[in-house]
Amino acid sequence: MCLNKHSDAYAREEPVMDKGMYQRRDRLVQEKHHDVYRNQEKWPESTQCSSCKAIFVNGRWSWASSDEVLHNVVCPACQRIADKYPAGVIEITGPFFSEHRDEIENLFHNLEKKENAEHPLERIMAISDEDDKTIVSTTGIHLARRIGKALASAYEGSLSMRYGDDEQSVQLSWER
Ligand SMILES: [Zn+2]
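Here we summarise the structure given alongside this text. (Residues numbered from 1 in each chain as written. Predicted model: local features only at pLDDT ≥ 70, side-chain atom pairs only at ≥ 80, totals over all residues.)

**Looking at the overall build of the chain**
Across its full length, the chain carries six helices and nine strands. Looking at the 176 residues of the chain, the share that counts as buried comes to 24%. (Helix = DSSP H or I, 4+ residues; strand = E, 2+ residues; numbered from the N terminus. Buried ≥ 20, exposed ≤ 12 C-beta atoms within 10 Å, placed from the backbone.)

So this is what it looks like as structure tokens:
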């Protein structure tokens, strides 16, 4: 399996200290993450996540119940939560958020509920305070975008959005 191949390569390069090798090592780690979390992968029909019980049927993850579970895996969303490795990050700065925190957090949770009902891999991982900002992390890029756009459309302020190289991750910032 790919993971083992990458781990071996990682181990071989561990003792090498020059800068070029560090860069290569970073790239390998990124590839590993890409393999672990990719959402486009096709699982066999009737694959269930052993953690959240989402099930892969008719070519997509859903909350459908199935009499027949043929395979068990940990889904990409549960894997990201376990690894604390979000796909979407929204950085919130400015005084507005703390002044309206309850209302805005309700908005986030309502958006999550709607998105997650249709797309089980889209979840909020955490809403955490760091120094002068609040970080919202998500398991999927669509929920992160939806949260960012909802903030801008409900409260204006200034929103920016940047995708990762492979478009498997997105970083947003919102300030008001
Ligand atoms: Zn899961």
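Back to the write-up after that little detour.
**Quick look at unusual backbone geometry**
Phi at Asn 58 is positive, roughly 50°, even though this residue is not glycine. Relative to the elements of secondary structure, Asn 58 occurs in the loop between strand E2 (55-57) and strand E3 (60-62). In this structure Asn 58 comes out as exposed when scored by C-beta crowding, with 8 C-beta atoms within 10 Å. Phi at Asp 131 is positive, roughly 45°, even though this residue is not glycine. Tracing the sequence through the fold places Asp 131 in the loop between strand E6 (124-130) and strand E7 (133-138). For Asp 131, a count of 6 C-beta atoms within 10 Å puts it in the exposed group.

**Overview of the pairing of E6**
Where E6 and E7 come together, six bridges link them in antiparallel fashion. For Ala 126, the partnering residue across the bridge sits in E7 and is Ser 137. In sequence, E6 turns back onto E7 through a hairpin of two residues, with Asp 131 there showing a positive phi of about 45°. (Pairing = 2+ DSSP bridges.)

**A short note on the environment of Ile 104**
The topology assignment puts Ile 104 in helix H5 (residues 101-118). A C-alpha to C-alpha distance of 9.8 Å links Ile 104 and Ala 150, two positions 46 residues apart in sequence.

**So, the nonpolar core**
Core analysis: the largest hydrophobic core is formed by 17 residues, its most contacted members being Ile 90, Ile 92, Val 136, Ala 144, Ile 147, Leu 172 and Trp 174. Breaking this core down by element, the ones donating at least two residues are strand E5 (88-93), E6, helix H6 (141-155) and strand E9 (170-175). Per-element tally for this core: the top contributor is H6, with five residues. Not counting the four nearest positions on each side in its chain, Leu 172 is found in contact with Ile 90, Ala 144, Gly 148, Leu 159, Ser 160 and Met 161. (Core = buried A, V, L, I, M, F, W, Y, C linked by C-beta atoms within 7 Å. Contact = placed C-beta atoms within 7 Å.)

**Structural notes on helix H3 (residues 76-83)**
What H3 keeps buried is the set Pro 76, Ala 77, Cys 78 and Arg 80. Directly after H3, the chain includes Lys 84, whose backbone phi takes a positive value near 50°.

**What about the pairing of E7?**
Relative to E7, E5 runs antiparallel, the two being bridged by six bridges. The residue of E7 that forms the bridge with Ile 92 is Thr 134.

**Side note on the environment of Ala 82**
Inspection of the secondary structure assignment puts Ala 82 in helix H3. Classification of Ala 82 as exposed rests on a count of 10 C-beta atoms within 10 Å. C-alpha of Ala 82 to C-alpha of Met 125: the two residues are 43 residues apart in sequence and 9.9 Å apart in space.

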